[in-house]
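What follows is each chain in one-letter form.
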Amino acid sequence: MLEDLQRIRQEAEEALQATEDLDELDAWRVTYLGRKGAITSFLRGIGDLPPEQRPTAGRMANEAREALEEAFEARREVLERQALEAEVAEEAIDVRLPGRPQSLGYIHISRQTLREITRIFARMGFDVLRTKEVEDDLTNFQLLNFPPDHPARDMQDTFFTTAEDVLLRTHTSPGQIHAMRKYHPEPFRVILPGKCYRYEQVTVRSEHMFYQVEGLVVGRHITMADLKGVLVDFARAMFGAERQVRFRPSYFPFTEPSAEVDIDCYLCEGEGCPLCKYTGWLEILGSGMVHPNVLRNGGYDPDVFSGFAFGMGPERICMLKHGITDIRYFFSGDVRFLQQFP
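Residues numbered from 1 in each chain as written. Predicted model: local features only at pLDDT ≥ 70, side-chain atom pairs only at ≥ 80, totals over all residues. Heavy atoms only, no water.

Caption draft 1: Quick peek at a positive patch on the surface. A surface patch of positive charge is lined by Arg111, Arg115, Arg119, Arg123 and Arg130. By the element assignment, Arg123 lies in helix α5 (residues 109–123). (Patch = residues over 30% accessible without salt bridge, like charges linked within 9 Å, V, L, I, M, F, W, Y side chains within 5 Å. Areas by Shrake-Rupley, 256 points an atom, 1.4 Å probe, with all protein chains shown as cover. Salt bridge = Lys/Arg side-chain N within 4 Å of Asp/Glu carboxyl O. Lys, Arg positive; Asp, Glu negative; His and termini not counted. Charge placed at Lys NZ, Arg CZ, Asp CG, Glu CD. Helix = DSSP H or I, 4+ residues; strand = E, 2+ residues; numbered from the N terminus.)

Set out below in structure tokens:
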């Protein structure tokens, strides 16, 4: 039996060194050190030996088992380290390869247009003043020459709140009153960009929420010539130095006289096309001299001060510049549309 023990130990050591992964190692443990393994079976058979051989056989069997257990632990450490190294090598990041580029967003096309408008007027000395989007009926309408029964109110369907006479502004023109009361009694020139809201049907040409840019100049001896000079410079800075500009008589309750401003169609050069509805002209904004009642409501004496105002929609400006046919694209959240204007 002692010779059998030596043979088992030698076979176990050779088999242990031949294991190549942890699964084979576990199978080796079951074969030699498990409950039914070769070493365990040998220990159980010691009782069948003559009494004088049992101590020596028991000591040698225990030494063999301890040696194989130590060899097993050493081999397991080696195989675990090899497995870890193989896993790391397989999943390693090759730092020589370029990284995955981050997907960057864009400034919204309405915001881009607002910034371009702001830059143009900033070069003319205009400040930027932001005013609140929630107004009262007095500031949104009455102080701008819209009495409660004025028919011009029919053009501006309004979102009223549950508070009496409190509403979402229908245009940026209430900012005229805020600006005059802020700067009074000094002359000033400002633009007033911001969002407006109207309770109306959403179509290819109208939205219930949109941006506007109001402009206001108040001072002594301000004339229609000043208005025309500023707006002609703006139109040519925005649409090209070769643009022709015309002023058409119009009506706004808060300006007198009033005018719509058109540029010649840059697509057909005034010949007529679907973009300009075959008129040869594109409307870009409304304007006029500030009405004396509005000046008075803002704190300025209309016998001493005069001024002009204008208003435009950045979305309309953008639609004209880029040939966009549906205003609903701007706030639809469609990334395919927005990515066209990085």
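Caption draft 2: Representation of unusual backbone geometry within the structure. Residues His184 and Pro185 are joined by a peptide bond in cis, for which omega reads 10 degrees. Following the sequence through the fold, Pro185 ends up in the loop between α7 (174–183) and β4 (188–197). Cis geometry marks the peptide bond from Glu256 to Pro257, where omega comes out at 0 degrees. With respect to the secondary-structure elements, Pro257 resides in strand β7 (residues 255–264). Positive phi outside glycine occurs at Asp165, with the angle close to 60 degrees.

Caption draft 3: Structural detail: the pairing of β4. For β4, a buried count of 8 out of 10 residues is recorded, marking the element as mostly surrounded by other parts of the structure. Strand direction decides the pairing type here: strand β1 (residues 127–128) and β4, joined by 2 bridges, are parallel. Bridging from a neighbouring strand, Val128 pairs with Ile191 of β4. Across 10 bridges, β4 lies against strand β5 (residues 209–219) in antiparallel orientation. Pairing of Arg189 across the sheet is with Val217, part of β5. (Buried < 20%, exposed > 50% of the residue type's maximum accessible area, 1.4 Å probe, protein only. Pairing = 2+ DSSP bridges.)

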